[in-house]
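Residue-level listing of the chains:
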Amino acid sequence: MSAVVASAPGRVNLIGEHTDYNGGLCLPLALPQRTRVTLTPRTDATLQLTSAQEDDSWQGVVEDRPGGWAAYVAGVVHELREDGHDVPGFEAAVDSDVPLGAGLSSSAALECSVATAIAGMLGLDLEDRGVRRRLATACIRAENDYVGAPTGGMDQTVAMLARPGHALLLDFADDSATPVELPLEEAGLVLLVVDTRVSHALTDGSYGDRREESAAAARALGVPSLRNADLGRIEELDDDVLRRRARHVLTENLRVLAAVGALGDRDWDELGRVLDSSHVSMRDDFEISCRELDLAVETAQATGALGARMTGGGFGGSAVALVPSGSVARVEAAVSAAFGDASLATPAYLEATPGAAARLEAGG
Ligand code: ADP
Ligand code: MG
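Residues numbered from 1 in each chain as written. Chains lettered and ligands numbered in written order. Predicted model: local features only at pLDDT ≥ 70, side-chain atom pairs only at ≥ 80, totals over all residues. Heavy atoms only, no water.

What am I meant to see in the sheet that holds strand β12 (residues 348-351) here?
Consider a sheet: its strands pair through backbone hydrogen bonds, and that pairing is either parallel or antiparallel. Strand order in the open sheet formed by four strands is β10-β11-β9-β12, and the pairing between neighbours is antiparallel. Pairing within the sheet leaves two strands with one partner each, and these edge strands are β10 (307-311) and β12. Within this sheet the neighbouring strands show an average axis-to-axis angle of 25°, counted without direction. Here strand β9 (residues 189-195) pairs with strand β11 (residues 318-324) via seven bridges, running antiparallel. (Pairing = 2+ DSSP bridges. Helix = DSSP H or I, 4+ residues; strand = E, 2+ residues; numbered from the N terminus. Axes fitted to C-alpha atoms, helices over the stretch in contact; angles between N-to-C directions.)

Following this line, the structure appears as structure tokens:
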């Protein structure tokens, strides 16, 4: 068998943070930045893994349970085999222009590129949304159960189902995925991503703490998930922390709907206000922001952004700002200057134009 090449995008979440594992709503888009993998099947079960982004290569079988970056690849193989697919060993060479650990989901890009290449190798129909959904589910399990990062399903779902020019409204209550037009260019706007270069680690416990607090708040309110909770009843929660966690999740779901409404109305000022209030909620109620993210958001807001918020799991990573295209250079200069004044490393910037889902590039 010959080599198969597949790629999958990183993503940025426009709004709806820590809602996916709470049966809630979010609105991510695929980035133009992608992870690409070249898979060459082997006649035995051995995986031989190299990445242009990592010094360490890895060789072994899935049962060896590698740590580090190889776990993301071995995890996908493990989960697809659990689903009954006859996945052979392979050589995999990975390369990516998605920044790693920046809250832009290089992990899902890696998992989904590998899953898509395997699907191509096995002859699965990638035109079939059901196939894509099952691949996304296997990638989510790989990250949760095999790697051990307790993330929700947003990243892999958008990597497998994104549509160019659109954000994707994901509803984790009914698993629907609805493309929402994102006509930024015709509105003269740029979705500017500020990578603070503060590395976040999803396996260090803070993300899992928020997941547990959300579940505890749902239990205290007597509902299966916070999606089913009534905002009016939150004040009944005696525990101040749980009350604030629940308030973030419930109001964030409402803000996702408000953002979708603003996009439909092409009301960019309103969209900006919704982004701003999302940041306040994450900073004060969910407590997942940090000094660098707050500085990036506040500086962007003060220098021409219509709105800004931290994005991704939090505790570092990236912020996103809605900026008139004529003001992008000014916002970037101001954010870099503010970071310099605070003796922080200069952030990296990228413009998020909504890209395409995972796809086969060659072979398969
Ligand atoms: P994010 O998904 O926000 O970038 P994560 O902590 O979830 O951050 O995932 C980053 C990890 O995923 C990296 O530390 C590495 O183990 C793995 N990874 C992602 N992209 C690559 C790549 N191109 N090559 C090797 N490993 C990668
Ligand atoms: Mg990730």
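The rest of the description comes next.
Whenever I open this one, the packing of helix α1 (residues 70-82) against helix α3 (residues 129-147) confuses me. Can you help?
Two measures define how a pair of helices packs: the angle their axes make with one another and the distance between the axes. Packing of α1 against α3 brings their axes to within 8 Å, and their N-to-C directions diverge by 120°. As judged from the angle between their axes, α1 and α3 are oblique. As α1 runs across α3, the sense of the crossing is right-handed. In contact with Ala 71, Tyr 72, Ala 74, Gly 75, Val 76, His 78, Glu 79, Leu 80 and Glu 82 of α1, α3 contributes Leu 135, Ala 138, Cys 139, Arg 141, Ala 142, Glu 143, Asp 145, Tyr 146 and Val 147. When the residues that make up the contact of α1 with α3 are grouped by side-chain class, the tally is eleven nonpolar, two polar and five charged. (Parallel < 35°, antiparallel > 145°, perpendicular 65-115°, else oblique. Left-handed = near helix turned anticlockwise from the far one by under 90°. Contact = heavy atoms within 4.5 Å. Nonpolar A, V, L, I, M, F, W, Y, C, P; charged D, E, K, R; others polar.)

Whenever I open this one, the pairing of strand β4 (residues 47-51) confuses me. Can you help?
The side chains of a regular strand alternate, residue by residue, between the two faces of the sheet. Only one face of β4 is covered, namely the face carrying Leu 47, Leu 49 and Ser 51; the face carrying Gln 48 and Thr 50 is uncovered. Alignment of β4 against strand β5 (residues 54-60), held across four bridges, turns out to be antiparallel. Along β5, the bridge assignment pairs Leu 49 with Trp 58. Between β4 and β5, which pair antiparallel and follow one another directly, the connecting turn spans two residues. (Buried < 20%, exposed > 50% of the residue type's maximum accessible area, 1.4 Å probe, protein only.)

What exactly am I supposed to notice about helix α4 (residues 154-161) here?
Side chains three or four residues apart in an α-helix point the same way, a direct result of the helix having 3.6 residues per turn. Burial within α4 is extensive, with eight of its eight residues counted as buried. Looking only at α4, the buried set comprises Met 154, Asp 155, Gln 156, Thr 157, Val 158, Ala 159, Met 160 and Leu 161.

What is the right way to read the nonpolar core from this model?
Buried together is how nonpolar side chains tend to be arranged in soluble globular proteins. Core analysis: the biggest nonpolar cluster contains 51 residues, and Leu 49, Phe 90 and Ile 118 have the highest contact counts within it. Setting aside anything within four residues of it in sequence, one finds Leu 49 in contact with Ser 57, Trp 58, Trp 69, Ala 70, Val 73, Phe 90 and Ala 92. The next biggest cluster of nonpolar side chains, apart from the first, holds 37 residues, and it includes Leu 192, Leu 226, Ile 234 and Val 328. (Core = buried A, V, L, I, M, F, W, Y, C linked by side-chain atoms within 4.5 Å.)

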